[in-house]
Amino acid sequence: MEKKDLKKIYHNSPAGPIIFTVLLFLMPVFISSNYIFTIFIMIGFYALVCNGMTMLTGFAGQISLGQATFYGIGAYSSAIVTGTYGLSPWIGMIAGMILGALIALIVGIPTFRLKGHYLALATLGFGIIVYTSFKEMKDLTGGSNGFFGIPTINLFGFEFNNDLRYFYLVWVFVMIGLIFSRNIIHSRIGRALRSIEGSEVASDAVGVNIMNYKLQAFMLSAMFASLSGSLLAHYVTFINPELFGAMTSIYFLLMVIIGGSSSIWGSIVGAATYVLLGEILKQLVPMFLPSAGGEFEIMFFGILLVVTLIYMPNGLYPQFEKLFSKFKKKKEKVQPPLQVGGDRVASGGENQ
Amino acid sequence: MLKVNNLHTYHGFLHVLKGIDLEVLEGELVAIVGSNGSGKSTLLGTLAGVYLPKEGSIIYKDEEITNDGVQMIVPKGICLVPERRQIFSSITVKDNLLLGAYHRYQKDKKTINKDYEDVVEMFPRLKQMLDRPGGLLSGGEQQMLAIGRGLMAKPKVLMLDEPSLGLAPLIVKDIMMILRKLCDEMGTTIILVEQNLKAALKVADRGCVLAHGKIVVSGTSQELLHNPKVQEAYFGKSSKKTEVPFNTGKKEVRGKKLI
C-alpha cells in the first residue's frame, strides 16, 4: 500500500467544507434579510451544542439527556458575570465554560463507573435539578421572570449589536469548533473515542483509558453547550429557565441523530433541519389547522425521528456525502475515497 | 517469564478461578484448554489486568503485576486479543491496527509506521482492505485483524482468547500457523485459550487443561493429546465409559468423534 493512498483515505478532500464556508460567509453579500440572519444565528447556536454532543454520542457512544442544562449554565454564567457584576462578556463566556466542564466532571465521575447508558439517566435527573434551581434561585437568576439586561458582546470596542455582525460572530465560533473537533477526531484521541463506541472490551484490551476519555468527551460537550449558551444570552439579552428545560435537551439529541452522529458535519445538518423545518411548520400548520397549538412540533419531530431511524439510521449527513461523492465521481471518473465512519456497519452475526 | 501463583478471581460472588498455578517460559506457545465455564477467559482477563484477582500473585519478568490495571499492563508488553475478536466495526482496518499501538504512540511515534507496514505485510489479506470498515470483513479476516491489532502493541506476551471461534477449519489452520510462526520467528510468547483442543495442541509446545477454575492436567502437547484425563475434563467422564446419550440406534461413541 502506497503511503499516498493511505493519506487519501484518512483525509477527505477539504473541498466540501471550504465551499460551504465560503458560501456561508459570502451569503450576506446577496441576502440582507434580518429574518434569514436570525435563522442562521439560531442554527449556529444549536450546531455548536450538537458539535459537542456528536463527540460524546457519535464518537464516545454516550448519550446525554441534559445538554440544555449546560446550555443554561453558560447563559446564566454570562448573564450574571456581565449583568450583575458588570464584567466583560468574554470573562462570562470563559467562566461558563469552566463551570460547565467542572459540573460535567462531577456528574461524570460516578456515572462512568457504571457500565451502560447511565449517563442518560443521570443527566436527565441532573437537568431537572438545575432547571428547578434556575427557577428558584430568584436573587441570582431572576427566577421564572427571567434575567433582563444582558449586554451585547464587544471586541476591542466593536459592538456585535446587530444580526449581521452576530451572524459572523456565531459562525466564526461554529467553524473554530468544527476545526477543533475535526482535529481531535483525526488524532489518536479520536481513534480512541471511536474504539470505545465500537467495543469497550477491545479498547480496554489495547490500553485505552475508557473512563478518562468518556469524561473528557462529556466535559468537552458541556463546554461547547456552555459557549453556545453564552452566545445566546448576549444575543437575546433576556433569558428565562424555560429555554433550558428537558425538552430542549431532547431536541438537541434529536438534532444529533437526524443530522448524523458519525460525522461532526452532521451537527450543522441536524441543527439546520430542526430550525428550518420548525420555521416552515410555524408558517404551514396554522394554514391547515388553525386551532393547533405548539405541540404539533413535538409530534412532527417525533415522527421525523422515527422515519430517520428506519430509513437513514446514520442520519442525513451521509446522504449528502453520497450525493457529493456521486457528483465527484462523475466529474473525475475516479473512485472517491471512502469516508471514514460515514456508514455504520450493521452489527450482529459473524462479523461482530 | 510469567509466573502465576495460587490465583483466585471472583465475578461478584462467583468464585471462578480457584487457585491457578502456571508458569510460562519465554518464547513458548502455551495452550489453555477446557470446556465452557471452566474459567479460561477469566484467567486471560486476570493476566491482562481486566479483572483483578482476590488472592494470589502474577509475576512478570520478576516484577509483580497482580494488581496493575490493564492500562499499566499493556505498556509492559502483555496484550490480550479478546474473545469474539471485538473488532471496532465502524472504523477502518488501518485505524483498527493503529489503535493497537495506542499506548506507545507518544513514546515510539517513529517506529509505529514501520510496525504497521510489517503487520500489513504479515497479513496480505488485510492489505487489500485497509480502507474498509472493520465490520465488513469476514470472520477469518477479522481474526487476523484482531491478531494484527494485538501485534501493533509490540507484545512480549500475546494472549488470544478463542481465536478459532466460528471459523471454518481451513481458516483455523491458517490462524494456528500464523501463531506458530509468530512464536518461532519473532520470539513472541503466546498464551492461547481454546475450545478446539486438537487445533490448539497441534501448534502448542505445552498445554494445560482447566476445569472448574483449576488446572487439572498439564504437560507437553503430545502428552495431552493422548491423555484420557483430558477427555474426562471435557466431557465429565472417561471416554472409555462414554455411552451414547440417547438411544439413536447408532453405536458410535459421541465423545470420541467430537475430539
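Remember, it's a predicted structure, so these values are computed and weren't measured experimentally.

I'm lost on the pattern of salt bridges in this one. Help?
Side-chain pairs of opposite charge can arise where the charged atoms are in close proximity. All names here are of chain A. Considering all chains together, one arrives at 15 salt bridges over all chains under this definition. Across the pair Lys135 and Glu242 runs a salt bridge, and its minimum N-O distance is 3.7 Å. Taken as a pair, Lys135 in helix α6 (residues 118-136) and Glu242 in the loop between α11 (210-236) and α12 (246-259) lie far apart in primary sequence, 107 residues in all. Residue classification places Lys135 among the partly exposed residues on the basis of a relative accessible area of 24%.

Before we go on, may I ask you to explain the environment of A:Asn145 in this structure?
All names here are of chain A. For Asn145, the location among the structural elements is in the loop between α7 (138-141) and β1 (154-155). Owing to a relative accessible area of 62%, Asn145 belongs among the exposed residues under this scheme. Residues Asn145 and Ile185, spaced 40 residues apart in sequence, show a C-alpha to C-alpha distance of 41 Å.

What exactly am I supposed to notice about the layout of surface pockets here?
In this structure, the second largest pocket spans a volume of roughly 720 Å³. A:Lys115, A:Glu200, A:Val201, A:Asp204 and B:Val50 are, among the 26 residues lining the second largest pocket, the residues nearest its centre. Listed by contribution, the elements that provide at least two residues to the lining of the second largest pocket are α10 (200-205) and α11 of chain A together with α1 (40-48) and α2 (70-76) of chain B. Broken down by class, the residue content of the lining of the second largest pocket amounts to 10 nonpolar, eight polar and eight charged.

In this structure, what is going on with helix α5 (residues 89-112) of chain A? I would like to understand it.
Side chains three or four residues apart in an α-helix point the same way, a direct result of the helix having 3.6 residues per turn. All names here are of chain A. Look at α5: 33 Å from first C-alpha to last across 24 residues, which is about the 34 Å you get at 1.5 Å a residue. Pro89, Gly92, Met93, Gly96, Gly100, Ala101, Ile103, Ala104, Val107, Gly108, Thr111 and Phe112 are the residues of α5 that are buried. The secondary structure elements touched by the buried residues of α5 are α4 (67-84), α6, α8 (163-185) and α11. For α5, the side-chain oxygen to backbone nitrogen distance between the N-cap and Trp90 is 3.1 Å, and the N-cap itself is Ser88.

Would you take a moment to explain the interface of chain B and chain A for this structure?
Taken together, the 38 residues of chain B in the interface contact 32 residues of chain A. Buried area between chain B and chain A, summed over both chains or domains, comes out near 3,200 Å², and the portion from carbon and sulfur atoms is 59%. Taken together, the links from chain B to chain A amount to one salt bridge. Taking the shortest distance from any N to any O, the salt bridge between A:Arg191 and B:Asp95 comes out at 3.8 Å. Joining chain B to chain A, the criterion identifies four residue pairs in polar contact (both at pLDDT 80 or more).

Help me understand the packing of aromatic side chains, please; the structure alone is not making it clear to me.
Both the distance between ring centres and the angle between the ring planes are used here to describe each pair of aromatic rings. Residues and elements named next belong to chain A. Under the defined criterion, the tally for this structure stands at 28 aromatic pairs over all chains. Judged by centre distance (5.3 Å) and plane angle (70°), the ring pair of Phe167 and Tyr168 falls under edge-to-face. Classification of Tyr168 by relative accessible area gives partly exposed; the value is 28%. Ring pairing ties together the aromatic residues Tyr46, Tyr71, Tyr76, Phe134, Phe244, Tyr251, Phe252, Tyr274, Phe300 and Phe301, which thus form one cluster.

What is the right way to look at the sheet that holds strand β5 (residues 63-64) of chain B in this model?
Think of a sheet as strands paired side by side through backbone hydrogen bonds, with each pair either parallel or antiparallel. All names here are of chain B. Taken together, the four strands give an open sheet; going across it, the order is β2-β1-β4-β5, and neighbouring strands pair in antiparallel fashion. Sheet topology places β2 (14-24) and β5 at the edges, where each strand pairs with a single neighbour. Looking at chain direction, strand β1 (residues 2-11) and β2 are connected through eight bridges and run antiparallel. Pairing of Thr9 across the sheet is with Leu17, part of β2. α1 rests against β1, β2 and β4 (55-60) of the sheet, and its axis sits at about 115° to β1.

Looking at this model, I keep getting lost on the confidence of the model for chain B. Mind explaining?
When pLDDT is low, close inspection of the predicted coordinates is not appropriate. Residue and element names in this part refer to chain B. In the predicted model, chain B carries a mean pLDDT of 86, and 90% of its residues have values of at least 70. Predicted confidence for residues 241-259 stays below pLDDT 50, and this span has 15 contacts to residues more than four positions away or in other chains. Here the predicted complex carries an ipTM of 0.73, next to a pTM of 0.81.

What counts and how
Throughout this description, residue numbers start from 1 for each chain and increase along the sequence as written. Think of it this way: whatever chain is written first is A, whatever ligand is written first is 1, and the rest follow in order. With pLDDT at 70 or above as the cut-off, local features in this predicted model cover only qualifying residues; side-chain atom pairs require 80 or more to be listed or tallied, and sums for whole chains, interfaces and linings still use all residues. Each side-chain value is derived from all of the structure's non-hydrogen atoms; neither hydrogens nor water enter the calculation. Salt bridges are defined by distance alone: a side-chain nitrogen of Lys or Arg within 4 Å of a carboxyl oxygen of Asp or Glu. Only DSSP runs of H or I with at least four residues qualify as helices, and only runs of E with at least two residues qualify as strands; both kinds are numbered from the N terminus onward. Think of it in three bands: residues with accessible area under 20% of the maximum for their type are buried, residues over 50% are exposed, and the middle band is partly exposed, with areas taken using a 1.4 Å probe on protein chains only. The pocket and cavity definitions rest on a 1 Å grid over protein atoms only: a 1.4 Å probe that fits but cannot leave marks a cavity, an open set with protein on both sides within 12 Å along at least five of seven lines marks a pocket, and residues lining either have an atom within 4 Å of a point. Grid points are joined across faces, edges and corners, and a volume is the space filled by probe spheres set on the points. Amino acids are sorted into nonpolar (Ala, Val, Leu, Ile, Met, Phe, Trp, Tyr, Cys and Pro), charged (Asp, Glu, Lys and Arg) and polar (every other residue, Gly among them). To estimate how far a helix should extend, the number of its residues minus one is multiplied by 1.5 Å. Only heavy atoms enter the contact rule, under which two residues are in contact if any of them lie within 4.5 Å. Within 3.5 Å is the distance limit for a polar contact, defined as a pair of N or O atoms, with the added protein rule that one can donate a hydrogen and the other accept it, and that residues adjacent in sequence qualify only through two side-chain atoms. As a working definition, buried area equals the accessible area (1.4 Å probe) given up by two parts on being put together, with both sides summed. Stacked, tilted and edge-to-face are the three classes applied to pairs of Phe, Tyr and Trp rings, where Trp contributes its six-membered ring and a pair requires centres within 6.5 Å; stacked means planes under 30 degrees apart, edge-to-face means over 60, and tilted covers the rest. Any two strands are treated as partners once DSSP identifies two or more bridges connecting them. To get an axis, a line is fitted to the C-alpha atoms, and for a helix only the part in contact is used. The angle between two axes follows their N-to-C directions and goes from 0 to 180 degrees. One number per residue, pLDDT, summarises how confident the predictor is, and it ranges from 0 to 100.

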